[in-house]
Amino acid sequence: MLMQLYHSVQIGGLSLEGNLFLAPVAGYSDRAFRSICVEQGANLTFTELISSEAMIRSPVCNEKNPTAALLMRSDNEAYYSIQLFGANPEVMGRAAALLARWKPSAIDINAGCPVPKVVKTGAGSALMKNPANLGRVVESVAGASQTYLENVPVTVKMRSGWDAESINYRECARIAVEAGAAMISLHSRTRSQGYSGKSDWTHIADLVTRVPVPVTGSGDLFSPEDAQRMLEETGCAAVMFARGAMGNPFIFASTKELLTKGAYTAHGGAERLAAGFRQLLLLSADIGEGAACREMRKQFCAYTRGIPQGAELRNRLVHAETIAEYKRILERDNPRP
Ligand SMILES: Cc1cc2nc3c(=O)[nH]c(=O)nc-3n(C[C@H](O)[C@H](O)[C@H](O)COP(=O)(O)O)c2cc1C
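Quick caveat, the model's predicted, so the values are computed rather than measured.

S.K.: So what about helix α11 (residues 269–287)? Which residues, and what values?
M.R.: Its 19 residues place the ends of α11 26 Å apart at the C-alpha level, agreeing with the 27 Å of an ideal helix rising 1.5 Å per residue. Of the residues making up α11, those classed as buried are Arg272, Leu273, Ala275, Gly276, Phe277, Gln279, Leu280, Leu283, Ser284 and Asp286. A positive backbone phi angle near 95° is found at glycine 288, which sits one or two residues after α11.

Given below as structure tokens:
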């Protein structure tokens, strides 16, 4: 008999029907893409990392501002979390308070970003080098949530540690939970690994046994089978698709099918391209046609991965400047996308 691997998740006061999440992915998880993933069954989505310093410098009021498009909830997004990054507890608290107008279902704190521009300010994965400060950041954001956001849960996404010599997810997670974190997402690579090497899922399995809050696993989830294996091997409460969802939002539907029925139907290239085209239309409504067409070039690199004549199609799509051009190119190759 199948274990109940697809199940509800309780994150503080937030009840979710299922445990398949879309990870924060800078440059990809805008609300157009999040919306397509929700259609396919993502139970919780995350915005990409948003700078707390930028938020308080110029609070985003204008909806045409690209950051506003990142922050806004899509129409079908019942639950979404906004991810903030920053190292200054006071600034993080003030930025969190400003999120009230977007009514996020949760606020996530980024303690995993490896990018130099972010870590040199002490934020992202550098927060793990100073666990006491991570605790202060969580406490400040949790306080803002209590005062301004009806106490939506505050969660933390971290890595295993800074490098192989300083694996400290246990200590960081304990401090974060003591400071008020209601969920820990663990991308089980170190900062030094970046996105290469293998994600060490034994860290996820270990953390599950050490904190009293749900642990969400992240790292090397490229197929429904990977998600099933992570849930079985680590006992994590939820899984978070990142690169595996890029160009393949159907991974949510397929994983739910696999977990609940033991098998799933694969989604072909035509379906994926049609999803990409719909994403283009949604994005265009948010940021305008020209910007959306440029932005979708990299997304179509993902949508065309692994499909017949994908490289050829990719070469043509990267020059498309208008929606009509995208349509022409996609229809020529796929009469019924
Ligand atoms: C291009 C890219 C952008 C990312 N942006 C973020 C981000 O904004 N916030 C975050 O917490 N993690 C970010 N991540 C990390 C992912 O959420 C995820 O933890 C990581 O990719 C591991 O999962 P995977 O191996 O299944 O892709 C990003 C990853 C990639 C590849």
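What follows picks up the thread again.
S.K.: Requested: an account of the site of the ligand, with residues and values cited.
M.R.: Taken together, 22 residues lie around the ligand, and Ala23, Pro24, His187, Ala242 and Arg243 are the ones closest in. Split by residue class, the shell around the ligand holds nine nonpolar, nine polar and four charged.

S.K.: Quick rundown of the packing of helix α9 (residues 224–234) against helix α10 (residues 251–261)? Include the residues and the values.
M.R.: One way to put it is that α9 packs onto α10 with a least axis distance of 9 Å and a crossing angle of 55°. Considering their axes alone, α9 and α10 lie oblique with respect to each other. Between α9 and α10 lies a crossing whose hand is right-handed. Residues Pro224, Ala227 and Gln228 of α9 touch α10, and the partners they reach there are Ile251, Ser254, Thr255, Leu258 and Leu259. Along the lines of polarity and charge, the residues of the contact of α9 with α10 split into five nonpolar, three polar and no charged.

S.K.: With reference to specific residues and values, describe the domain arrangement of the protein.
M.R.: Partitioning the protein into domains gives domain 1 (9–261) and domain 2 (269–333). Once you take the C-alpha centre of each, domain 1 and domain 2 turn out to be 28 Å apart. If you look at the interface, domain 1 gives 14 residues, while domain 2 gives 13 residues. Of all elements in the fold, only α1 (31–39) and α3 (66–71) reach the threshold of two or more residues within the side of domain 1 that touches domain 2. If one sorts the elements of the side of domain 1 that touches domain 2 by residue count, α1 sits on top with five residues. Residues belonging to the side of domain 1 that touches domain 2 are distributed by class as follows: nine nonpolar, three polar and two charged.

S.K.: Requested: an account of the sheet that holds strand β4 (residues 44–51), with residues and values cited.
M.R.: Strand order in the closed barrel made by the eight strands is β3-β4-β5-β6-β7-β8-β9-β10, with parallel pairing throughout. Between one strand axis and the next, the sheet turns through 30° on average, direction left out of account. Relative to strand β7 (residues 154–161), strand β6 (residues 106–111) runs parallel, the two sharing five bridges. Bridge pairing in β7 links isoleucine 107 to valine 154. On top of the sheet, helix α8 (residues 201–208) reaches β7, β8 (183–190) and β9 (215–218); it is set at about 150° to β8, its chief contact.

Calculation notes
- Residues numbered from 1 in each chain as written.
- Predicted model: local features only at pLDDT ≥ 70, side-chain atom pairs only at ≥ 80, totals over all residues.
- Helix = DSSP H or I, 4+ residues; strand = E, 2+ residues; numbered from the N terminus.
- Expected span 1.5 Å × (residues − 1).
- Buried ≥ 20, exposed ≤ 12 C-beta atoms within 10 Å, placed from the backbone.
- Near = placed C-beta within 6 Å.
- Nonpolar A, V, L, I, M, F, W, Y, C, P; charged D, E, K, R; others polar.
- Axes fitted to C-alpha atoms, helices over the stretch in contact; angles between N-to-C directions.
- Parallel < 35°, antiparallel > 145°, perpendicular 65-115°, else oblique.
- Left-handed = near helix turned anticlockwise from the far one by under 90°.
- Contact = placed C-beta atoms within 7 Å.
- Domains from an automatic or database assignment.
- Pairing = 2+ DSSP bridges.

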